[in-house]
Amino acid sequence: MNYRIEKYTSTMQKEWDEFVLKKSINGTFLQTRRFIEYHPKDRFMDYSLIAYKGNAIIACILACELKEAEEKVFFSHKGTSYGGIIVSPNIYNASSISVLMDLFEEYLKNEGFKKVYLKMTPSILSRENVDLLDYFLYQRGYTQYNELNYYMRLKRYKEDILSQFSSSKRRDYRYSLKNDLIFKELTMPESIKGFYEVLQLNLKKLGLNSVHTYEELLDLKLKRFNENIEFYGVYQGQQMIAGSMVFLFDDKIMHTQYLSSDEKYLTYFPMDFLIYNLISLAVDRGLEIFTFGICTEDQGRYLNLGLSRFKEGFGTEYCLNKSFEKTLML
């Protein structure tokens, strides 16, 4: 088979993004060049790859080069939630994926990489089943790490959203209705800045640093993915007390990228009010899935049970976000 791998260059941006969004079974806007290049050019050492069969793209791998103890690590990707191997349906068969994996590892070895770490597209976001990719990574000796992802199938919520909540979550939502809370979409820079300030309060409480600057959030929303990224806030009077940034995938899925609230107003139950309204919005739009993201840390080894109970109260189901790691024998 006439397969080859090339390192990505900026001249390939258009064909990369078209393949990821329109010609792959597991690509999302988070793996496009249009998304990843909101980062300053010196933040990551990009080492993304494109695989071809003849002149046709058959796979993309969004990745950067890291160093561990002076050894080169191929990591997909520090600048987004996941990178992984994005494949064409035209080669989604055992023979072709086997050849692709051999070619991929041979390329990395020839380029002097000691280790490879792949953060795969979550199954809940893939347009088709990608278990075949997982199998060939397992077959080639990759270590698998599992993060526990929480989501809801929205057809259960169409008739009565509250009936899907636990009794305690129904109670908390009803308490929230007594506090004159207002749910709003945030479309202007000043209101998005209000959300960002609430987010910073949350992160400071947790001892974490923000992944994005305020300017980067505006860039993503207003200049790159206006139709895929939205912001919502909960107000008490003129004060924003909770909010969320959400991602929209394929007109089917709403994902809460950030959920934040001001702890001074916890007795108002603004987060329960916010989530109820986001679910209601997703149902009204005819979306199929609402995802909360993970409750795990340290490559899935630690489960935050308090956060898990909070998300489960809204009626969640579970799936796995998979990552794979291997040390290459040069």
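Not measured: the values here are computed from a predicted model.

Chemist: I keep staring at the side chain of Ser176 and nothing clicks. Help me out?
Modeler: Note on placement: Ser176 falls in helix 5 (residues 167-176). Relative accessible area serves as the criterion here: at 1%, Ser176 is assigned to the buried category. A polar atom in the side chain of Ser176 sits 2.5 Å from the backbone oxygen of Tyr173. Each residue touching Ser176, except ones within four places of it in the same chain, is listed here: Leu181, Tyr268, Phe269 and Phe273.

Chemist: Sorry if this is basic, but what is going on with the environment of Leu222 here?
Modeler: Summarising the element assignment, Leu222 is placed in helix 7 (residues 214-224). The spatial distance from the C-alpha of Leu222 to the C-alpha of Thr187 is 9.0 Å, given a sequence separation of 35 residues. The residues touching Leu222, leaving out its near neighbours within four places in the chain, are Thr187 and Pro189.

Chemist: In this structure, what is going on with the pattern of salt bridges? I would like to understand it.
Modeler: Side chains that carry opposite charge are capable of pairing whenever their charged atoms lie near each other. All told, the structure shown has 19 salt bridges when counted by the stated rule. Among the ionic pairs, Lys169 bridges to Asp272, the shortest N-O distance being 3.3 Å. You can see Lys169 sitting in helix 5 and its partner Asp272 sitting in helix 8 (residues 270-284), a full 103 residues away along the chain. Both residues of the pair, Lys169 and Asp272, belong to the buried class. The salt bridge involving Arg224 is made with Asp219; its shortest N-O contact spans 2.9 Å. A relative accessible area of 22% places Arg224 in the partly exposed class.

Chemist: Please explain the sheet that holds strand 2 (residues 49-53) as it appears in this structure.
Modeler: Adjacent strands of a sheet form backbone hydrogen bonds with each other and so pair up, either parallel or antiparallel. Taken together, the four strands give an open sheet; going across it, the order is 1-2-3-6, and neighbouring strands pair in antiparallel fashion. Every interior strand has two partners, whereas the edge strands, strand 1 (3-7) and strand 6 (85-87), have only one. Pairwise comparison of adjacent strand axes, ignoring direction, gives a mean angle of 25 degrees for this sheet. Inspection of the sheet shows strand 3 (residues 56-61) paired to strand 6 by three bridges, in the antiparallel sense. Residue Cys60 lies in a different strand from strand 6, and its bridge partner there is Ile86. Of the strands in this sheet, strand 1, strand 2, strand 3 and strand 6 are in contact with helix 3 (residues 94-110), which crosses strand 1 at around 40 degrees.

Chemist: I'm lost on the sheet that holds strand 9 (residues 181-186) in this one. Help?
Modeler: Ordered by their spatial adjacency, 10 strands build an open sheet running 4-5-7-16-8-13-12-11-10-9, and the pairing between neighbours is mixed. At either margin of the open sheet sits one strand with a lone partner, and together these are strand 4 (64-68) and strand 9. Across the sheet, the mean angle from the axis of one strand to that of its neighbour is 25 degrees, orientation sign disregarded. Docked against the sheet, helix 7 engages strand 10 (229-236) and strand 11 (239-249), running at close to 120 degrees with respect to strand 10. The sheet contacts of helix 8 involve strand 8 (143-153), strand 9, strand 10, strand 11, strand 12 (253-261) and strand 13 (289-294), and relative to strand 12 the element is tilted by about 165 degrees.

Chemist: Where do I start with the packing of aromatic side chains in this structure?
Modeler: By convention here, two paired aromatic rings are described through the distance between centres and the angle between planes. Across all of its chains, the model carries 27 aromatic pairs by this definition. Relative to Phe273, the ring of Tyr173 lies with its centre 6.5 Å away and its plane at 15 degrees, an arrangement referred to as stacked. One end of the pair, Tyr173, is in helix 5; the other, Phe273, is in helix 8, and 100 residues separate them in sequence. Geometrically, the ring pair formed by Phe292 and Phe314 is tilted, given 5.8 Å between the ring centres and 55 degrees between the ring planes. With a gap of 22 residues between them, Phe292 in strand 13 and Phe314 in the loop between helix 9 (305-312) and strand 16 (317-327) connect regions that are remote in the sequence.

Chemist: Help me understand helix 1 (residues 13-23) in this model?
Modeler: One turn of an α-helix holds 3.6 residues; hence residues three or four places apart share an orientation. Trp16, Asp17, Phe19 and Val20 are the residues of helix 1 that are buried. Down the axis of helix 1, the buried set is contained in an arc of 160 degrees. They therefore lie on one face. Facing away from the buried surface of helix 1 by more than 90 degrees, the exposed residues are Lys14 and Lys22. Contacts from the buried residues of helix 1 go to helix 2 (33-36), strand 2, strand 3 and strand 6.

Conventions adopted
Residues numbered from 1 in each chain as written. Predicted model: local features only at pLDDT ≥ 70, side-chain atom pairs only at ≥ 80, totals over all residues. Heavy atoms only, no water. Helix = DSSP H or I, 4+ residues; strand = E, 2+ residues; numbered from the N terminus. Buried < 20%, exposed > 50% of the residue type's maximum accessible area, 1.4 Å probe, protein only. Polar contact = N/O pair within 3.5 Å; in protein donor to acceptor, adjacent residues only side chain to side chain. Contact = heavy atoms within 4.5 Å. Salt bridge = Lys/Arg side-chain N within 4 Å of Asp/Glu carboxyl O. Pairing = 2+ DSSP bridges. Axes fitted to C-alpha atoms, helices over the stretch in contact; angles between N-to-C directions. Phe/Tyr/Trp six-rings, centres within 6.5 Å; stacked < 30°, edge-to-face > 60°. Arc of directions from axis to C-beta.

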